[in-house]
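The lines below spell out each chain.
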Amino acid sequence: VKACLAAAAVWSFSCLHVVTSGDECLVERLGTYHRKLGPGWHLVLKPFETVSFHVTTREQVLDVPPQQCYTLDNAPIRSDAVVYMRIFDVYAARYSIQDVMSGILNLCLTQLREEVGKLTLDESFSSRERINRALLKDLNAVTRTWGVEITRVEIQNMEPSRDILAAMELQMAAERKKRAAILKSEGERATFINEAEGRAAAAVANAEAQRKTVVLRAQAEAERQRVEADGLRTAIGVVTTALSESYGPGSDETSRRKDSVEGAIQFLSLIRYLETQSKFAGSQGTKVLMLPSKN
């Protein structure tokens, strides 16, 4: 009896199945699906019942290994990716496909080769987001029937062959030299343009200054001549009046006026002559003074 009780206790203990939080199990009875187990302690009647599938419903990470791909321009490139997924239907993940993880991995490899083949080599390096979106859409279109949701797909590395890397390095070096030459020529051109504009601006400013100088000198000379003319006219008038008054009252007015004007002009001319001779006599060089005759 004790042996039977002990055997019953061992069998009962072996029939206990623990499911942790975030996991689910499927139980088959006599080879057919019977029920689904959630988190907690459950009794599985062995050997009539077996746990056929134990999986987590939390988000999982599937690493897609590197594989050889060919771009649209037939350039070889090795690509790998990371797939984030979550099982939302345990029954479909168990009975819709034999190995859900293997199916997702092979599907991702196939779709990755297809998406890389749609792009050229240069486009493949700048279109990671585009490839990620396309893979996410294509994978979810298939895996939802397996009870799996793909939440995110990320391309990790895209490595071209060594020959292509060497060619790309040469191309980048040539491009850098080209840009440097263009920048140098543009800098020299800008320097020449600035110097030419500076010389032109200086020439314009100099011409404008000379024009203003000539105008100011001409205005000053005109003003000087006007002042001298006013002074000479005033002097002639004063001398003419003085000479006219020296004549007697019986002389002819017209003849007296004419003689007075001529005498005033001769008088002022003599004064100017004497002033000029005086300045000439005050100079340091050899002097020959020319004195007017009586006539």
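Note that the coordinates shown come from a computational prediction; the quantities given were computed from them, not determined experimentally. (Residues numbered from 1 in each chain as written. Predicted model: local features only at pLDDT ≥ 70, side-chain atom pairs only at ≥ 80, totals over all residues. Heavy atoms only, no water.)

**Q** Could you give an account of the environment of Gln 60, naming the residues involved and the relevant values?
**A** For Gln 60, the position within the fold is in strand E6 (residues 60–70). By relative accessible area, which is 17% here, Gln 60 ends up buried. For the pair Gln 60 and Ile 87, spaced 27 residues apart in sequence, the C-alpha separation works out to 8.6 Å. Setting aside its immediate chain neighbours within four residues, Gln 60 contacts Val 55, Val 83, Tyr 84, Met 85, Ile 87 and Met 101. (Helix = DSSP H or I, 4+ residues; strand = E, 2+ residues; numbered from the N terminus. Buried < 20%, exposed > 50% of the residue type's maximum accessible area, 1.4 Å probe, protein only. Contact = heavy atoms within 4.5 Å.)

**Q** Could you give an account of the nonpolar core, naming the residues involved and the relevant values?
**A** Membership of the largest hydrophobic core comes to 34 residues, with the highest contact counts inside it found for Ile 104, Ile 131, Val 148, Ile 150 and Ile 155. Looking at this core, the elements that each hand over two or more residues are strand E5 (49–56), E6, strand E7 (76–87), helix H2 (90–95), helix H3 (100–117), helix H5 (128–143) and strand E8 (148–160). The dominant element in this core, judged by the number of residues it contributes, is H3, at 7 residues. Ignoring anything within four residues of it in the chain, the contact list for Ile 104 reads Leu 62, Met 85, Thr 143, Trp 146, Val 148 and Ile 150. Cys 25, Val 27, Leu 37 and Val 44 belong to the second largest nonpolar core, which has 5 residues in total. (Core = buried A, V, L, I, M, F, W, Y, C linked by side-chain atoms within 4.5 Å.)

**Q** Account for the side chain of Glu 49, with residues named and values stated.
**A** On the secondary structure map, Glu 49 appears in strand E5. Exposure remark for Glu 49: the relative accessible area of 1% places this residue in the buried category. Polar contacts involving the side chain of Glu 49 include one to the side chain of Arg 29, which spans 2.3 Å. Separated by 3.0 Å, the side chains of Glu 49 and Arg 35 make a polar contact. Excluding residues that lie within four positions of it along the chain, Glu 49 makes contacts with Val 27, Glu 28, Arg 29, His 34, Arg 35, Leu 43 and Val 44. (Polar contact = N/O pair within 3.5 Å; in protein donor to acceptor, adjacent residues only side chain to side chain.)

**Q** Describe H3, with residues and values.
**A** Along its 18 residues, H3 runs 26 Å from first to last C-alpha, staying within 8% of the 26 Å computed at 1.5 Å per residue. All of the buried residues in H3 are Val 100, Gly 103, Ile 104, Leu 107, Cys 108, Leu 109, Gln 111, Leu 112, Glu 115 and Val 116. Structurally, H3 contributes buried residues whose contacts are with E6, E7, H2, H5 and E8. At the N-terminal boundary of H3, the capping side chain belongs to Asp 99, with an oxygen 3.3 Å from the backbone nitrogen of Met 101. (Expected span 1.5 Å × (residues − 1).)

**Q** Can you break down the sheet that holds E8 residue by residue, with the values?
**A** Spatially, E6-E7-E8 is the arrangement adopted by the 3 strands of the open sheet, whose pairing is antiparallel. The two strands at the open ends of the sheet, each matched to only one other strand, are E6 and E8. The mean angle between the axes of side-by-side strands here comes to 20°, regardless of whether they run parallel or antiparallel. Here 11 bridges tie E7 to E8, and the two strands are oriented antiparallel to one another. Across the sheet, the residue bridging to Asp 80 is Asn 157, located in E8. Along the sheet, H3 contacts E6, E7 and E8; its crossing angle with E6, the most-contacted strand, is approximately 40°. (Pairing = 2+ DSSP bridges. Axes fitted to C-alpha atoms, helices over the stretch in contact; angles between N-to-C directions.)

**Q** Tell me about the pattern of salt bridges, and name the residues and values.
**A** Under the criterion given, the structure shown has 15 salt bridges. Residues Glu 24 and Lys 36 are paired through a salt bridge, measuring 3.7 Å at the closest nitrogen-oxygen approach. Of this pair, Glu 24 sits in strand E2 (residues 23–29) while Lys 36 sits in strand E3 (residues 32–37), and the two are 12 residues apart along the sequence. Of the charged contacts in the structure, one is a salt bridge between Glu 115 and Lys 118, with a shortest N-O distance of 3.4 Å. (Salt bridge = Lys/Arg side-chain N within 4 Å of Asp/Glu carboxyl O.)

**Q** Can you explain the packing of aromatic side chains? Please cite residues and give values.
**A** Across all of its chains, the model carries 3 aromatic pairs by this definition. Consider the rings of Tyr 33 and Tyr 91, whose centres lie 4.9 Å apart with planes at 70°: the pair is edge-to-face. A residue pair is termed long-range when its members are at least 10 positions apart, and Tyr 33 in strand E3 and Tyr 91 in helix H2 qualify at 58 residues. Taken together, a centroid distance of 4.9 Å and an interplanar angle of 45° make the contact between Tyr 91 and Tyr 95 tilted. Separated by 4 residues within a single helix, Tyr 91 and Tyr 95 lie in helix H2, roughly one turn from each other. A residue is classified by how much of its surface remains accessible, and Tyr 91, at 42% relative accessible area, is partly exposed. Among the aromatic residues, ring-to-ring pairing joins Tyr 33, Tyr 91 and Tyr 95 into one connected group. A cation sits over an aromatic face here: Arg 94 above Tyr 95, 5.3 Å from the ring centre. (Phe/Tyr/Trp six-rings, centres within 6.5 Å; stacked < 30°, edge-to-face > 60°. Lys NZ or Arg CZ within 6 Å of the ring centre and 35° of its normal.)

**Q** Residue-level account of the pairing of E2, with values.
**A** Of all 7 residues that make up E2, 5 are buried, and the element is covered over most of its length. In the sheet, E2 pairs with E5 via 7 bridges, with the strands oriented antiparallel. Bridge pairing in E5 links Arg 29 to Glu 49. Relative to E3, E2 runs antiparallel, the two being bridged by 5 bridges. Looking across to E3, one finds that Glu 28 is bridged to Tyr 33.

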